[in-house]
Amino acid sequence: LGRPLLHYQTIDSTNLEARRLAEAGAAHGACLCAEHQSAGRGRLGRAWQAPVGASLLFSLLLRPVDLPVDLVFLLNNVVSLAVCRAVEGLCGLRAMVKWPNDVFLDGRKLVGVLTEFTCRADRIDHVVVGAGLNVNWSPEDLAMLPAPAASLLAASGRRWDRAVLLAAILRQADALYASLLAGQLEALRDEYQRQSLLLGRQVTIDDGGALVGGQVAGFEPDGALRLSTGPGRVRIVRHGDVSLK
Ligand code: BTN
């Protein structure tokens with residue numbers, strides 16, 4: 001992954017550009033990164049903003065032709081876990097995944113991941129996994145966000161080279177992607193579970209309709225969350241926004 005590696009000074013959104021390239025026939029593996037996005041996109045139609053040059057903003061274009069559509073969400077987990085491994089290996093900081101698609105540091109959001117995919121004739125044509133990682137954000141930069149957030153600079157007291165970080169993430173994503181395609185779903189799930197901020201915690205999940213409360217009992221091999229809602233009652237949740245109690 002990461003070949004070719006495309007670098008933009010300014011782009012509307014690396015996810016949008018990756019999708020345009022995919023529709024023009026670009027091959028599997030491209031990585032697009034930008035210093036600045038004029039229309040950065042978050043989940044649920046939200047905007048994604050970052051001070052110029054302080055974040056690692058990148059998107060991967062993937063063509064997992066043989067991956068069943070119902071496992072597409074695992075590509076999100078491949079990238080989240082790759083970020084956790086790289087941040088731990090390089091910076092010595094314990095990053096945790098917060099289902100469905102954030103990475104947290106010390107209880108605050110460090111990374112947002114946005115996965116978008118296109119099918120053709122019921123098969124995956126291409127998937128774009130984009131991530132925005134708060135690398136060299138100062139405490140003042142972080143204070144401008146509506147919710148508490150983390151950065152590697154604020155957590156470690158030093159600045160980090162984003163190219164070195166991206167290279168480490170791509171190396172880890174390569175290994176995790178290979179194990180996904182090899183069908184090692186339980187190994188991936190076990191790593192996700194070990195890295196989970198939510199495992200064992202009491203949460204409320206807004207699944208777009210109702211609020212559901214319970215204790216996070218674990219995760220399914222396809223990435224869904226297992227919520228224990230009472231004695232002997234488990235609910236499988238496939239999407240939603242999670243609040244910790
Ligand atoms: C979220 O937490 O809402 C997901 C945020 C994803 C942001 C990244 S930044 C790089 C890529 N390009 C985008 O427009 N969005 C993703």
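Quick caveat: nothing in here was measured; it's all calculated off a predicted structure. (Residues numbered from 1 in each chain as written. Predicted model: local features only at pLDDT ≥ 70, side-chain atom pairs only at ≥ 80, totals over all residues.)

**Here we look at the overall build of the protein chain**
Part 1: In terms of helices and strands, the protein chain carries six helices and 12 strands.
Part 2: Taken against the 2.2 N^0.38 rule, which gives 18 Å for 245 residues, the C-alpha radius of gyration of the protein chain at 17 Å falls within 12% of a compact globule.
Part 3: In terms of principal-axis extent, the alpha carbons of the protein chain reach across some 55 × 45 × 35 Å.
Part 4: A burial count over the protein chain gives 38% of its 245 residues as buried.
Part 5: For the protein chain, restricting intrachain contacts to residue pairs at least 6 apart in sequence, the fraction spanning at least 24 positions comes to 62%. (Helix = DSSP H or I, 4+ residues; strand = E, 2+ residues; numbered from the N terminus. Rg over C-alpha atoms; globule rule 2.2 N^0.38 Å. Buried ≥ 20, exposed ≤ 12 C-beta atoms within 10 Å, placed from the backbone. Contact = placed C-beta atoms within 7 Å.)

**Some points on the domain arrangement of the protein chain**
Part 1: Examined at the domain level, the protein chain breaks down into domain 1 (5-194) and domain 2 (202-244).
Part 2: Each of domain 1 and domain 2 was reduced to a C-alpha centroid, and the two centroids are 23 Å apart.
Part 3: Mapped by element, the contributors of at least two residues to the side of domain 1 that touches domain 2 are α2 (74-91) and α6 (185-194).
Part 4: With five residues, α6 is the single largest residue contributor to the side of domain 1 that touches domain 2.
Part 5: Classifying every residue of the side of domain 1 that touches domain 2 by side-chain character gives seven nonpolar, two polar and four charged. (Domains from an automatic or database assignment. Nonpolar A, V, L, I, M, F, W, Y, C, P; charged D, E, K, R; others polar.)

**Here's the deal with the sheet that holds strand β5 (residues 102-105)**
Part 1: Sheet architecture is open: seven strands sit in the order β1-β2-β3-β7-β6-β5-β4, paired in mixed fashion. At either end of the open sheet lies a strand with only one pairing partner, and these are β1 (5-11) and β4 (95-98). Sheet twist, expressed as the mean angle between neighbouring strand axes with direction ignored, is 20°.
Part 2: Bridge count between strand β3 (residues 55-62) and strand β7 (residues 123-134): eight bridges; the pairing is antiparallel. Within β7, the position partnered with S55 by the bridge is N134. (Pairing = 2+ DSSP bridges. Axes fitted to C-alpha atoms, helices over the stretch in contact; angles between N-to-C directions.)

**Notes on the nonpolar core**
Part 1: Among the nonpolar cores identified, the biggest contains 65 residues, and V78, V79, A82, V83, V129 and A173 are the most heavily contacted of them.
Part 2: Take this core: its biggest share by element is 10 residues, from α2.
Part 3: There are two domains that each give this core at least three residues, and those are domain 1 (5-194) and domain 2 (202-244).
Part 4: V78 has contacts with A173, L176, Y177 and L180, leaving out every residue within four places of it along the chain. (Core = buried A, V, L, I, M, F, W, Y, C linked by C-beta atoms within 7 Å.)

**Considerations on unusual backbone geometry**
Outside of glycine, negative phi angles account for most residues, and trans bonds account for most peptide bonds.
Part 1: Geometrically, the link from R3 to P4 is a cis peptide bond, its omega value of -5° lying close to zero.
Part 2: With respect to the helices, strands and loops of the structure, P4 is situated in the segment before β1.
Part 3: Cis rather than trans, the peptide bond between W99 and P100 has omega equal to 5°.
Part 4: Mapping P100 onto the fold places it in the loop between β4 and β5.
Part 5: In this structure, L44 takes a positive phi of about 55° despite not being glycine.
Part 6: Among the secondary structure elements, L44 is positioned in the loop between β2 (31-37) and β3.
Part 7: Judged by local crowding, L44 falls into the exposed class, with 8 C-beta atoms found within 10 Å.

**What about the UniProt feature "binding site: biotin" (unreviewed entry) in the protein chain?**
Part 1: Under the local residue numbering, the UniProt record ascribes the feature "binding site: biotin" (unreviewed entry) to S13, T14, N15, Q37, R41, G42, R43 and K109.
Part 2: Its place among the elements puts T14 in helix α1 (residues 14-23).
Part 3: If near-sequence neighbours (up to four positions away) are discounted, T14 is found in contact with L32, C33, A34, Q37, L57, F58, S59 and G130.
Part 4: Relative to the helices and strands, G42 is located in the loop between β2 and β3.
Part 5: For G42, a count of 13 C-beta atoms within 10 Å translates into the label partly exposed.
Part 6: Excluding residues that lie within four positions of it along the chain, G42 makes contacts with A47, W48, G112 and L114. (UniProt positions renumbered as here; feature names shortened; annotations may be inferred.)

**A word on the site of the ligand**
Part 1: In the vicinity of the ligand lie 19 residues, with S13, G42, G112, G130 and G132 positioned nearest.
Part 2: Of all elements in the fold, only α1, β3, β6 (108-120) and β7 reach the threshold of two or more residues within the shell around the ligand.
Part 3: Grouping the constituent residues of the shell around the ligand by class yields five nonpolar, 10 polar and four charged. (Near = placed C-beta within 6 Å.)

**Observations regarding the sheet that holds strand β12 (residues 241-244)**
Part 1: Strand order in the open sheet made by the five strands is β11-β10-β9-β8-β12, with antiparallel pairing throughout. In this open sheet, the two edge strands, each paired with only one partner strand, are β11 (233-237) and β12. With strand direction ignored, the average angle separating the axes of adjacent strands in the sheet is 45°.

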